[in-house]
Amino acid sequence: MSFRGRILDYLSSRLADDRPSLRLVFWDGDRFEFAPAPSITITLGSPRLLKLLLTGNFVRLGDAYVAGELKVDGRIEDIIKNGILLAERLGGSTVPGRLASLARFFPARRSRAGNATDVCYHYDVSNDFYRLWLDENMVYSCAYFRTGSEDIDLAQRQKLDHICRKLLLRPGDRLLDIGCGWGGLLHWAAENYGITGLGITLSEQQCVYAREWMTRDKLDTKVKIKLQDYRELTGEERFDKIVSVGMYEHVGPRNYPAYFGTIAKLLKQEGVLLNHGIVATDPAGRSSGPVGGEFIDRYVFPGAALHHLSKTVFEIARAGLEIADIEDLRPHYARTLLNWVRRLDARPQEAIRTAGDQRYRIWRVYLAAMAYAFDCGWLSVAQVLAYKPIANGVAPRPWTRDYQYVKGAAAKIAGRLKWDAT
């Protein structure tokens, strides 16, 4: 038997229990199919990639994919499904591999300059690139589905309104959005709830886009957007409501005390906080699923860090805020990510033109892999609602959750919370 034949026999034996729907194409054009009519094709551009595959070195294979040396063709959902299978069968679960994945959950304390650099790497790709696959309001966070069949535009409008209702927004409220992105939530709240607001972001492109959008729709007198770190907020201005959506993943658990302490200082008594973000599902913050966390840390979210929801709840309470409600949205994010990657996949040439072929390849796999991770329960996302107590140590709040689901209920309840609490 030839050397290549022995290699293929080895791979077939390792994958015998659950054969991938895979065609393997070698650098010389030779090919091997692991199943009839395979759904994906992996093309190895050089012999060294075969060695990486045999040893389960998916970190270096990821590098080769980004560089274009390793090519993967097929429907993105099939690519992720079979890629996970290969990682589980060939990547193993060695202690060094797990420790490498764990490292990204416990980063060093992030400086303001470091945070800004990391945020700009991810968000300052190109507004045109994000516009290709995000919704009409440019909301880059978990949508909110009522049936699961909604398109991404409707699901994101539902999310924006769900947040506004939870915050009990009413005309005249002063709202702070920490990590405001392209301004979608503030725009929605100003148009539909009559608030005035301040949004801060570390992304220059997001800041420019949000300012222009507010000016174009004549909301610039009600909403201001600043290029600013949350640690630069002095506390001279207080807010009725504070919201942070998809931002505290960049803060890191070691900075939670400063982060939630700043929020507590900026929030008026009886004010409301909604913190929305991705959380680890393992209570100890350990990596779940196959190896691959390094790819995200290197190519997508440098400096990001996750912890279990319990850590978030503890730090919010330690800052002096009273936890009122927690909602897990894990299935919603899996569906959101699947919507995004399908929209991105439908416009490859435009994506490559606006962000480059490497960035397109990275985001395509990243979005699909994250959808799979949420679907499997390796990650989750939660909204935590908290109130700032009044002098006696408690915060007035609604008796039920009706205000979150009944149209118009939030405004009515917000006006009589003091009376209800007595």
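Caption draft 1: Expanded view of the sheet that holds strand 11 (residues 379-387). Taken in spatial order, the 7 strands line up as 7-6-5-8-9-11-10 in an open sheet, and their pairing is mixed. The sheet is open, and its two edges are formed by strand 7 (223-227) and strand 10 (322-328), each paired on a single side. Going from strand to strand, the sheet's axes swing by 15° on average, the running direction of each strand aside. Where strand 8 (residues 239-245) lies against strand 9 (residues 267-280), 6 bridges are found, and the strand directions are parallel. Residue pairing in the sheet places V245 in a bridge with H276 of strand 9. Across the sheet, helix 9 (residues 184-193) is in contact with strand 5 (174-178), strand 6 (196-201), strand 7 and strand 8; its angle to strand 5 comes to roughly 165°.

Caption draft 2: View of helix 14 (residues 330-345). Across its 16 residues, helix 14 extends 23 Å between first and last C-alpha, which sits within 8% of the 22 Å expected from 1.5 Å per residue. Taken as a whole, helix 14 has its buried residues at H332, Y333, A334, T336, L337, N339, W340, V341 and L344.

Caption draft 3: How the structure looks around the nonpolar core. Core analysis: the largest hydrophobic core is formed by 68 residues, its most contacted members being Y130, W133 and W363. For this core, the element with the highest residue contribution is helix 16 (residues 357-376), accounting for 11 residues. Listed in part, the 32 residues of the second largest apolar core include L185, M214, I225 and Y387.

Caption draft 4: Quick peek at the pattern of salt bridges. Enumeration over the complete set of coordinates arrives at 21 salt bridges. Put simply, D78 and R75 hold a salt bridge, and the shortest N to O gap is 3.4 Å. Owing to a relative accessible area of 48%, R75 belongs among the partly exposed residues under this scheme. The partner of K241 in a salt bridge is D173, and the shortest N-O contact between them spans 2.7 Å.

Conventions used here
Residues numbered from 1 in each chain as written. Predicted model: local features only at pLDDT ≥ 70, side-chain atom pairs only at ≥ 80, totals over all residues. Heavy atoms only, no water. Pairing = 2+ DSSP bridges. Helix = DSSP H or I, 4+ residues; strand = E, 2+ residues; numbered from the N terminus. Axes fitted to C-alpha atoms, helices over the stretch in contact; angles between N-to-C directions. Contact = heavy atoms within 4.5 Å. Expected span 1.5 Å × (residues − 1). Buried < 20%, exposed > 50% of the residue type's maximum accessible area, 1.4 Å probe, protein only. Core = buried A, V, L, I, M, F, W, Y, C linked by side-chain atoms within 4.5 Å. Salt bridge = Lys/Arg side-chain N within 4 Å of Asp/Glu carboxyl O.

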